[in-house]
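The lines below spell out each chain.
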Amino acid sequence: MEKKREVVSEALKAEEKLKSVWLILTPEGELHPIEEFSFNGYERLKKFADYEIKKSRAVDQEPPHIALMRSLELVDHEPASDPGNMRYYPKGRLVKSLLEEYVSNMVHEYGGMEVETPIMYDLEHPTLANYLNRFPARQYTVESDEDRYFLRFAACFGGFLMSHDATISYRNLPMRLYELTRYSFRREQAGELAGLRRLRAFTMPDVHAFCRDLKQAKKEFKRRFKLCRDALKGIGLEEEDYELGLRVTEEFYKKNKAFIHSIVRTFGKPALVEMWRERFFYFILKYEFNFVDALDKASALSTDQIDVENGERYGIVYMDDTGRLKHPLILHCSPSGAIERVIYALLETAYMDMKKNIAPKLPLWLSPTQIRLIPVSDSFEGEALKILRQIERRRIRVDLDDRGETVQKKIRDAEKEWVPYIIVYGEKEVAAERLPVRVRGEEKIRYMSLKELISEVKNNVKGKPFKPLPLPLRLQQRPRFVG
RNA sequence: GCCCCGGUAGCUCAGUGGUCGGAGCGGCAGCCUUGUAAGUUGUUGGUCGCGGGUUCAAAUCCCGCCCGGGGCUCCA
């Protein structure tokens, strides 16, 4: 059968010719050519810069998160689909959906209006075709009778088309439109796919802010910068876990130095700057928070950009206070980056801890099982269940290892599952006021009252979404999805 | 997409042309009633990734394809 030509955008072809200069911008506002900057104390930034510029990736290992995503029964490849399309087991679906809800909640607080739009669009649509050619990505195409469609690579299409049809006043700006895309599709080259790091189908929180002018855009940009940092922090990724990359045109930098410097000052660490002599993409300024993994590879999480083209391209207009129609500037932001990539970053971080002899774990609010009860023998199951019900009522994910295994085996399995709190329940506990709690990462058993335990957990997960246990309460009743 | 490596039981892997293809873990069935990282016995389990070819004979050699990983490229 004849192979159809793939849809490759003009931007992708033209990108090869793109020339840029690499610099380091410090929080003090000093701009250094990269070769003159001393990276002492900024090892991760160096790794990020090397990754971006030298493209040095002398690694021949599989990324550690791949084994973890499977052994923890979170995510797996689906061989019957296209590469880069994953299956999520119950625990993985739980983790993912908690992250989705968390980021969405933050966007709602920020003022985002959540919408939902189609995942596929007419390849012949003039505006869309035009945009495709400004965006360096490969698309999936879908045939339906005589028509050809492409699968969206981001929420932009639906959001922009919707905004085109909306009646917008300058009073409505900045207008914040949010969609959690499940999925965004990018037909990455086969050799580029890697675990949860680079996929062909991924979940992207995408919030656009339509702004009146550059002044408003800059103000909004700063708000969102904070939103991004807060999102990652809440997820469990601290400032030291990622590096700031800025991409900017020379002209925009020169005219907006104070603004750009203030962003890096807020960030508090030197940033890698890629400066383009001419505007090449549809944006004039963009940043990403780049996570550096266990194999020194960098990938973008949170990102935001100032788009100066698509307001016009999509015919999006607002009525100005002078009664004139104008095109807004559009900010494109993903506060966390792709959800799959967040999971990748969490797993890689856990692996790096493991290498430092720190017990690897997920943040408590994301742990599929938060507390596990292990009855010493089946005669204590009834009493253990009473405790369990009390914990469960407080909206904490608790389960019961009722398998006919030894206590030691059950503890070992719970540790392998990264269960944060493990309680062995037997003769001594029936009458006791305090429970022996094996806390992950601590050497000694901690004796706590049920009340203390519950309040410690509740305190730790405060402000985070909750979902119930994604599997049967009793381990005996659970199927095994991997191994 | 190109180059390199890999694909053998649900999982991790051993087996490189010649008896019926193996181990550990898991699953299942017993026994053990367990006190903080693997109790014990038995048993189940495989189109050797898929298709074609070479050969008296293929998991093993050759070709094509699929899937995974790495490199190149790419990462909005």
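Residues numbered from 1 in each chain as written. Chains lettered and ligands numbered in written order. Predicted model: local features only at pLDDT ≥ 70, side-chain atom pairs only at ≥ 80, totals over all residues. Heavy atoms only, no water.

1. Looking at the overall build of chain A
Part 1 of the reasoning: Each helix and strand counted, chain A has 15 helices and 22 strands in total.
Part 2 of the reasoning: Here the C-alpha radius of gyration of chain A, 25 Å, is about what a compact globule of 483 residues would show, namely 23 Å.
Part 3 of the reasoning: Along the longest, intermediate and shortest principal axes, the C-alpha atoms of chain A span 75 × 60 × 50 Å.
Part 4 of the reasoning: Going through the 483 residues of chain A one by one, you find that 55% of them count as buried.
Part 5 of the reasoning: In the form shown here, chain A has an accessible surface area of approximately 23000 Å², with 48% of it arising from carbon and sulfur atoms.
Part 6 of the reasoning: When the 82 basic and 76 acidic side-chain charges of chain A are each reduced to a single mean position, those positions are 3 Å apart. (Helix = DSSP H or I, 4+ residues; strand = E, 2+ residues; numbered from the N terminus. Rg over C-alpha atoms; globule rule 2.2 N^0.38 Å. Buried < 20%, exposed > 50% of the residue type's maximum accessible area, 1.4 Å probe, protein only. Areas by Shrake-Rupley, 256 points an atom, 1.4 Å probe, with all protein chains shown as cover. Lys, Arg positive; Asp, Glu negative; His and termini not counted. Charge placed at Lys NZ, Arg CZ, Asp CG, Glu CD.)

2. Brief notes about a negative patch on the surface
Part 1 of the reasoning: There is a patch of like negative charges on the surface, built from Asp122, Glu124, Asp145, Glu146 and Asp147.
Part 2 of the reasoning: For glutamate 124, a relative accessible area of 61% puts it in the exposed group. (Patch = residues over 30% accessible without salt bridge, like charges linked within 9 Å, V, L, I, M, F, W, Y side chains within 5 Å. Salt bridge = Lys/Arg side-chain N within 4 Å of Asp/Glu carboxyl O.)

3. Some details on the packing of aromatic side chains
Part 1 of the reasoning: Counted by the stated rule, this structure contains 31 aromatic pairs.
Part 2 of the reasoning: Ring plane angle 85° and centroid distance 5.8 Å describe the contact between tyrosine 140 and phenylalanine 185, whose orientation is recorded as edge-to-face. One end of the pair, tyrosine 140, is in the loop between helix 5 (126–132) and strand 7 (141–144); the other, phenylalanine 185, is in strand 9 (residues 175–185), with 45 residues separating them in the sequence. Here the two residues tyrosine 140 and phenylalanine 185 agree in accessibility, since each one is buried.
Part 3 of the reasoning: A network of ring pairs unites the aromatic residues Tyr121, Tyr131, Phe150, Phe153, Phe157, Phe160, Phe210, Trp276, Phe281, Tyr282, Phe283 and Tyr314 as a single cluster.
Part 4 of the reasoning: Across from the ring centre of phenylalanine 39, 5.5 Å away, lies the NZ or CZ of lysine 46, which sits over that ring. (Phe/Tyr/Trp six-rings, centres within 6.5 Å; stacked < 30°, edge-to-face > 60°. Lys NZ or Arg CZ within 6 Å of the ring centre and 35° of its normal.)

4. Things to note about the pattern of salt bridges
Part 1 of the reasoning: This model, assessed by the stated rule, comprises 47 salt bridges.
Part 2 of the reasoning: Among the ionic pairs, arginine 70 bridges to aspartate 76, the shortest N-O distance being 2.9 Å.
Part 3 of the reasoning: A residue is classified by how much of its surface remains accessible, and aspartate 76, at 7% relative accessible area, is buried.
Part 4 of the reasoning: A salt bridge links arginine 434 to glutamate 452, with the nearest nitrogen and oxygen atoms 3.0 Å apart. In this pair, arginine 434 sits in the loop between helix 14 (427–431) and strand 21 (435–439) while glutamate 452 sits in helix 15 (residues 450–460), placing the two residues 18 residues apart along the sequence.
Part 5 of the reasoning: Arginine 434 sits in the partly exposed class, given a relative accessible area of 42%.
Part 6 of the reasoning: Its relative accessible area of 36% is what places glutamate 452 among the partly exposed residues.

5. Here's the deal with the environment of glycine 159
Part 1 of the reasoning: With respect to the helices, strands and loops of the structure, glycine 159 is situated in helix 6 (residues 156–165).
Part 2 of the reasoning: Among residues more than four places away in sequence, those in contact with glycine 159 are Thr117, Leu177 and Phe210. (Contact = heavy atoms within 4.5 Å.)

6. Comments concerning the domain arrangement of chain A
Part 1 of the reasoning: As assigned here, chain A comprises domain 1 (10–354) and domain 2 (364–477).
Part 2 of the reasoning: With 16 residues of domain 1 at the interface, the matching set in domain 2 holds 15 residues.
Part 3 of the reasoning: For domain 1, the biggest contributors to the area lost against domain 2 are Lys91, Leu94 and Leu98; these three give 40% of the whole.
Part 4 of the reasoning: For the pair domain 1 and domain 2, the interface holds two salt bridges.
Part 5 of the reasoning: Between glutamate 101 and lysine 467 there is a salt bridge, with the nearest N and O atoms lying 3.2 Å from each other.
Part 6 of the reasoning: Connecting domain 1 to domain 2 are three residue pairs in polar contact (both at pLDDT 80 or more).
Part 7 of the reasoning: Looking at the side of domain 1 that touches domain 2, the elements with two or more residues in it are helix 4 (90–110), helix 7 (214–235) and helix 11 (339–355).
Part 8 of the reasoning: If you tally residues by element for the side of domain 1 that touches domain 2, the top one is helix 4, at nine residues. (Domains from an automatic or database assignment. Buried area = accessible area lost by both parts, 1.4 Å probe. Polar contact = N/O pair within 3.5 Å; in protein donor to acceptor, adjacent residues only side chain to side chain.)

7. So, the environment of alanine 201
Part 1 of the reasoning: With respect to the secondary-structure elements, alanine 201 resides in strand 10 (residues 201–211).
Part 2 of the reasoning: Exposure remark for alanine 201: the relative accessible area of 6% places this residue in the buried category.

8. Concerning the pairing of strand 14 (residues 298–307)
Part 1 of the reasoning: In terms of burial, strand 14 is largely enclosed, as nine of its ten residues are buried.
Part 2 of the reasoning: For strand 13 (residues 283–292) and strand 14, the ladder comprises eight bridges, and the chain directions are antiparallel. Counterpart to valine 292 in the pairing with strand 14 is alanine 298.
Part 3 of the reasoning: Summarising the sheet, strand 14 and strand 17 (residues 329–334) pair through five bridges and their orientation is antiparallel. Paired with aspartate 307 across the strands is isoleucine 330, a residue of strand 17. (Pairing = 2+ DSSP bridges.)

9. Quick word on the sheet that holds strand 22 (residues 446–448)
Part 1 of the reasoning: Strand order in the open sheet formed by five strands is 19-18-20-21-22, with mixed pairing between adjacent strands. Single-partner strands in this sheet number two, and they are strand 19 (398–400) and strand 22. Within this sheet the neighbouring strands show an average axis-to-axis angle of 30°, counted without direction.
Part 2 of the reasoning: As paired elements, strand 18 (residues 371–375) and strand 19 share three bridges and run parallel to each other. Across the sheet, the residue bridging to isoleucine 371 is valine 398, located in strand 19.
Part 3 of the reasoning: Running at roughly 165° to strand 19, helix 12 (residues 381–393) makes contact with strand 18, strand 19, strand 20 (421–425) and strand 21 of the sheet. (Axes fitted to C-alpha atoms, helices over the stretch in contact; angles between N-to-C directions.)

10. Remarks on the sheet that holds strand 13
Part 1 of the reasoning: Taken together, the ten strands give an open sheet; going across it, the order is 2-1-12-11-13-14-17-10-9-5, and neighbouring strands pair in mixed fashion. Unpaired on one side and paired on the other, strand 2 (31–33) and strand 5 (113–114) mark the two borders of the sheet.
Part 2 of the reasoning: Where helix 2 (residues 43–54) meets the sheet, its contacts fall on strand 1 (20–25), strand 11 (242–249), strand 12 (271–276), strand 13 and strand 14, and the angle it forms with strand 11 comes to roughly 45°.
Part 3 of the reasoning: Sitting on the sheet, helix 6 touches strand 9, strand 10, strand 14 and strand 17, and the angle it makes with strand 10 is about 30°.

11. What about helix 2?
Part 1 of the reasoning: Counted at 1.5 Å a residue, the expected span for helix 2 with its twelve residues is 16 Å, and the 15 Å between its end C-alpha atoms agrees.
Part 2 of the reasoning: Of all the residues in helix 2, the buried ones are Leu45, Phe48, Ala49, Asp50, Tyr51 and Glu52.
Part 3 of the reasoning: In this structure, the buried residues of helix 2 make contact with strand 1, strand 11, strand 12, strand 13 and strand 14. (Expected span 1.5 Å × (residues − 1).)

12. As for the nonpolar core
Part 1 of the reasoning: Judged by nonpolar contacts, the single largest core of 102 residues is most densely connected at Leu244 and Leu246.
Part 2 of the reasoning: Looking at this core element by element, the count peaks at ten residues for helix 11.
Part 3 of the reasoning: The residue makeup of this core includes at least three contributed by each of domain 1 (10–354) and domain 2 (364–477).
Part 4 of the reasoning: Residues contacting leucine 246, with those up to four places away along its chain left out, are Leu25, Ile260, Val264, Ala271, Leu272, Val273, Glu274, Leu285, Lys286 and Tyr287. (Core = buried A, V, L, I, M, F, W, Y, C linked by side-chain atoms within 4.5 Å.)

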